[in-house]
Amino acid sequence: MPAGFAAIVSKLRSFHRIGSQQQRLMSDSVQDFTSVLQNAKKVVVLSGAGISAESGIPTFRGEGGLWRDYDATELATPGAFAANPSLVWEFYHYRRTIVAGAAPNAGHYAVAALQRRCRRQDKDFVLLTQNIDGLHARAGSNDVVELHGSLWKTRCCHCKAVETNRDMPICAALDGKGAPDTANEANIPSMQLPRCQKCNGLLRPHVVWFGECLERDVMNRTNDALQGCDLLLVVGTSAVVYPAAGYAPMVKAHGGVVAEFNTEDTPISYNCRFKFQGPSSVKLPLALGIGEDELAELKQSL
Ligand SMILES: NC(=O)c1ccc[n+]([C@@H]2O[C@H](COP(=O)([O-])OP(=O)(O)OC[C@H]3O[C@@H](n4cnc5c(N)ncnc54)[C@H](O)[C@@H]3O)[C@@H](O)[C@H]2O)c1
Ligand SMILES: [Zn+2]
């Protein structure tokens, strides 16, 4: 074996060894996690599409990530909207229809119950979500930081006004459109797509698309949340979309503990002291010790 190649193989082996050792250090002990949670003063939850998967909302990466023949991540871009606003609106109309018919699951309720518990115990708590579905709020979470905006808000391309909009359908021309199992595009003329009530400009979904930056206010709230966070729960995110992908390494670098809840391993798994592998609707209530009584009390108060 040439010397240079042998050196590379040896380096890769040592990375693998380090990886395996770290993997062994990841714990799924509920008892140890409970004690870290009890001692934590500032708890942050970062959630992604996986927490809503069991509510029937497809994630982008994995099963359901295709809409018609398109990779969902191809349509969530400013370029796709500029090229074909009708197609992108059909895609978002479909997503709004799915979410309107969905309900929060036990994972969302567990996060809401954790927030209440932290409040009672005088701990800081912040929920950061990459999801745009609004299910956390429907499960009783307050002050949710929606990193990527909301399916239920629009922004005017002309005057930039942001409005909440829950109309279904959002405009008459989208009625019955957006079906994922057809190749027929609706080709709706721009003037019949959702328009701004103030200036008649074309509306777009108020979501952060790939290639766009988070809003300044959202970034500030996020930085404040991560400052001094001593326990970060990362739930159902593939941890490949920045800046959120950088939060776990950041918290760990400042001495905080990271716990991951995911059905699979992700690039941040090795930053985690705790790894609860499995559906978040099961693993979150289990790890947080959320009992039936606490859940019932929460649901009753909604
Ligand atoms: N519900 C939504 O609002 C929604 C849905 C799809 C995509 N998006 C957007 O797309 C981007 C995708 O990034 P992302 O990391 O959030 O999602 P992603 O699709 O990239 O990854 C989903 C992750 O969830 C995990 N997962 C799947 N089912 C799970 C379950 N039952 N329990 C726990 N984990 C589970 C997967 O292993 C994967 O790591 C985000 O920016 C988000 O705004 C949002
Ligand atoms: Zn306008």
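It should be emphasised that the depicted structure is a prediction, and the values quoted were computed from it without experimental measurement.

## Describing the packing of helix H7 (residues 106-120) against helix H11 (residues 280-288)
Two elements in contact, H7 and H11, have axes separated by 7 Å at closest approach and are oriented at 25°. On the basis of the axis angle, H7 is roughly parallel to H11. Relative to H11, H7 is oriented so that their crossing is left-handed. Across the interface between the two elements, Ala 106, Gly 107, Ala 110, Val 111 and Leu 114 from H7 touch Ser 280, Ser 281, Leu 284, Pro 285 and Leu 288 from H11.

## Focus on the environment of Asp 28
Structurally, Asp 28 is set in the loop between helix H1 (3-25) and helix H2 (30-39). Using a count of 15 C-beta atoms within 10 Å as the deciding quantity, one classes Asp 28 as partly exposed. Asp 28 sits 246 residues away from Phe 274 along the chain, and the two C-alpha atoms are 5.6 Å apart.

## Looking at the domain arrangement of the chain
Under the domain assignment used here, the chain contains domain 1 (27-56 + 104-148 + 214-302) and domain 2 (58-101 + 164-207). Measuring from the centre of the C-alpha atoms in domain 1 to the corresponding centre in domain 2 gives 29 Å. With eight residues of domain 1 at the contact, the number on the domain 2 side is six residues. Its residues assigned to classes, the side of domain 1 that touches domain 2 shows three nonpolar, four polar and one charged.

## Structural notes on the pairing of strand E9 (residues 231-235)
In terms of burial, E9 is largely enclosed, as five of its five residues are buried. Residues of E9 alternate between two faces, with Leu 231, Leu 233 and Val 235 on one and Leu 232 and Val 234 on the opposite face, all of them buried. Looking at chain direction, strand E1 (residues 42-47) and E9 are connected through five bridges and run parallel. Its bridge partner lying in E9, Val 45 is registered against Leu 233. Bridging between E9 and strand E10 (residues 257-262) involves five bridges; their strand directions are parallel. Residue pairing across strands places Leu 232 opposite Val 258, the latter belonging to E10. For the handedness criterion, the β-α-β arrangement of E9, helix H10 (residues 247-253) and E10 is classed as right-handed.

## What to know about the UniProt feature "binding site: substrate" (unreviewed entry) in the chain
UniProt's entry tags Tyr 92 and Arg 95 with the feature "binding site: substrate" (unreviewed entry), counted in the numbering of this structure. Relative to the assigned elements, Tyr 92 resides in helix H6 (residues 85-100). With respect to the secondary-structure elements, Arg 95 resides in helix H6. Arg 95 sits in the buried class, given 22 other C-beta atoms within 10 Å.

## Brief notes about the site of ligand 1
Around ligand 1, the structure places 27 residues, and the nearest of them are Gly 48, Gly 50, Thr 59, Asn 131 and Ser 238. If you list the elements that add at least two residues to the shell around ligand 1, you get helix H3 (49-53) and E10. Per-element accounting of the shell around ligand 1 gives the leading share, four residues, to H3. Looking at the shell around ligand 1 residue by residue, the classes come out as eight nonpolar, 15 polar and four charged. Each of domain 1 (27-56 + 104-148 + 214-302) and domain 2 (58-101 + 164-207) accounts for three or more of the residues forming the shell around ligand 1.

What counts and how
Residues numbered from 1 in each chain as written. Chains lettered and ligands numbered in written order. Predicted model: local features only at pLDDT ≥ 70, side-chain atom pairs only at ≥ 80, totals over all residues. Axes fitted to C-alpha atoms, helices over the stretch in contact; angles between N-to-C directions. Helix = DSSP H or I, 4+ residues; strand = E, 2+ residues; numbered from the N terminus. Parallel < 35°, antiparallel > 145°, perpendicular 65-115°, else oblique. Left-handed = near helix turned anticlockwise from the far one by under 90°. Contact = placed C-beta atoms within 7 Å. Buried ≥ 20, exposed ≤ 12 C-beta atoms within 10 Å, placed from the backbone. Domains from an automatic or database assignment. Nonpolar A, V, L, I, M, F, W, Y, C, P; charged D, E, K, R; others polar. Pairing = 2+ DSSP bridges. Right-handed = clockwise from strand over helix to strand, strands pointing away. UniProt positions renumbered as here; feature names shortened; annotations may be inferred. Near = placed C-beta within 6 Å.

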